[in-house]
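Here are the chains, one letter per residue:
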Amino acid sequence: MFKPDLLLNRRILITGGGTGLGKGAAQKFLELGAEVYICGRREEVLQATAQELHQRTGGRIHPLRCDVRDPAAVDEMIASIWAGGPLDALMNNAAGNFLARTEDLSLGAFQSVIGIVLMGSLHTTLACGRRWLAARHHAAVLNITTTYTTTGSAYVVPSAVAKAGVHSLTRSLAVEWGNRGIRMNAIAPGPIPTEGAFSRLLPRPELEEAAKQRNPLGRFGTVEEFANLAAFLLSDASSYINGEVVTMDGGEWLQGAGEFTALGRQLTEAEWQMMKPRKK
Ligand code: COA
């Protein structure tokens, strides 16, 4: 659907780019001509991904070990990238999440998820943003949130509060930095099968079937669908979109929110007939 040079020579950093959605986006950006930096905590995973994606696309990809929770490590990584030239785009994708009853969680559990998701996004955004503003360099940021940033969600409270913060960061900086050439958008993805997320959030296979039934489209999203949207939002094709959070979940959260949706699906044919107006 895109011209092959849509992201030609764009220098893009993807946090958490070694696996899952981040890896899928990295492949798409490489296919569209970008030079991609991926960072994460595990050196061997990053190396393997970089090698695999280079072989698959022929593109330029650089693995960088960095825990985004550590502001000094982030600044060091960003400085090392800038030594070869400025980035043109940043995708804050690194995340942590697990299902848990909130009353069982330690403070460390909150700190870990909020540290990766909210503080991690803030660290990279500030490190890049300050450099972009100083150099008047135009750039785009894409944050990855969730469909429960505005509704909240039981059993994933550290993630919900952290992602709500990222949602707000997106909209705030879209306004504060927009007039200086920095666009800031987000994707709120619904369920897309990746090992990292599904092993933590859907622990039994039969729960996957139930999750599909909660979705109007009756299926999960694909990494390809996610990567296409990410490429669009980081490219000039979306140059007037700023401060937007694009929900990509097949309509799942709306189905959960509609008061009569579940009831309507439980009614029998006879009951639907009974509710029609009687002929006079
Ligand atoms: N339920 C409750 N608490 C948990 C937990 C779980 N399933 N997993 C970890 N924790 C707690 C730990 O007990 C620890 O708390 P403590 O310091 O009070 O003991 C804290 O979280 C940090 O755990 P640790 O094992 O040191 O993890 P980490 O900080 O290296 O890793 C996580 C971060 C916990 C988010 C880990 O799950 C992870 O690495 N996830 C990355 C991938 C991911 O989550 N992908 C899904 C994205 S949707």
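Keep in mind it's a predicted model, so treat the numbers as computed, not measured.

### Side note on the site of the ligand
By nearness alone, 15 residues border the ligand, and Arg41, Arg69, Asn97, Ser106 and Ser112 come closest of all. Here arginine 69 contributes a side-chain N or O atom positioned 2.7 Å from an oxygen atom of the ligand. Contacts to the ligand include arginine 200, whose side-chain N or O atom sits 3.3 Å from an oxygen atom. Against a free-state accessible area of 930 Å², the protein chains account for coverage of 53% of the ligand. Mapped by element, the contributors of at least two residues to the shell around the ligand are α4 (107-135) and α6 (195-201).

### Topic: the layout of surface pockets
Counted as a void, the second largest pocket has a volume near 190 Å³. Looking at the second largest pocket, the residues that line it are Arg10, Asp88, His138, Ala139, Ala140, Gly181, Ile182, Arg183, Leu234, Asp236 and Ser239. Breaking the lining of the second largest pocket down by element, the ones donating at least two residues are β5 (139-144) and β6 (182-189). Within the lining of the second largest pocket, the residues separate by chemical class into four nonpolar, three polar and four charged.

### Digging into α4
With 29 residues, α4 extends 39 Å between its outermost C-alpha atoms, agreeing within 8% with the 42 Å of an ideal straight helix rising 1.5 Å per residue. Maximum bend of α4: about 45°, positioned at glycine 115. Looking one or two places after α4, you find arginine 136, whose phi comes out positive at around 55°.

### Details of the confidence of the model for the chain
Confidence along the chain averages 96 in pLDDT terms, with 100% of residues attaining 70 or more. Between the elements of the chain, mean pLDDT differs from a low of 84, seen in α6, to a high of 99, seen in strand β1 (residues 11-15).

### Describing the packing of helix α3 (residues 71-82) against α4
Two numbers describe how α3 lies on α4: the axes approach to 9 Å, and their chain directions differ by 40°. On the basis of their axis angle, the class for α3 and α4 is oblique. Crossing geometry of α3 relative to α4 is assigned as right-handed. Packed against α3, whose contacting residues are Pro71, Val74, Asp75, Ile78, Ala79 and Trp82, the element α4 presents His123, Thr124, Ala127, Cys128, Arg131 and Trp132 at the interface.

### Observations regarding the state of the cysteines
Counted according to the given criterion, the structure contains zero disulfides. A disulfide-free cysteine, cysteine 39 has its sulfur positioned 5.2 Å from the sulfur of cysteine 66, the nearest such atom. Using a relative accessible area of 0% as the deciding quantity, one classes cysteine 39 as buried. Given the relative accessible area of 3%, cysteine 66 is considered buried.

What counts, and at which threshold
- Residues numbered from 1 in each chain as written.
- Predicted model: local features only at pLDDT ≥ 70, side-chain atom pairs only at ≥ 80, totals over all residues.
- Heavy atoms only, no water.
- Near = heavy atom within 4 Å.
- Polar contact = N/O pair within 3.5 Å; in protein donor to acceptor, adjacent residues only side chain to side chain.
- Areas by Shrake-Rupley, 256 points an atom, 1.4 Å probe, with all protein chains shown as cover.
- Helix = DSSP H or I, 4+ residues; strand = E, 2+ residues; numbered from the N terminus.
- 1 Å grid on protein atoms, 1.4 Å probe; cavity = no way out; pocket = protein on both sides within 12 Å on 5 of 7 lines; lining within 4 Å.
- Points joined across faces, edges and corners; volume = space filled by probe spheres on them.
- Nonpolar A, V, L, I, M, F, W, Y, C, P; charged D, E, K, R; others polar.
- Expected span 1.5 Å × (residues − 1).
- Bend = angle between axes of the 7 residues up to and from the residue.
- pLDDT = per-residue confidence, 0-100.
- Axes fitted to C-alpha atoms, helices over the stretch in contact; angles between N-to-C directions.
- Parallel < 35°, antiparallel > 145°, perpendicular 65-115°, else oblique.
- Left-handed = near helix turned anticlockwise from the far one by under 90°.
- Contact = heavy atoms within 4.5 Å.
- Disulfide = S-S within 2.5 Å.
- Buried < 20%, exposed > 50% of the residue type's maximum accessible area, 1.4 Å probe, protein only.

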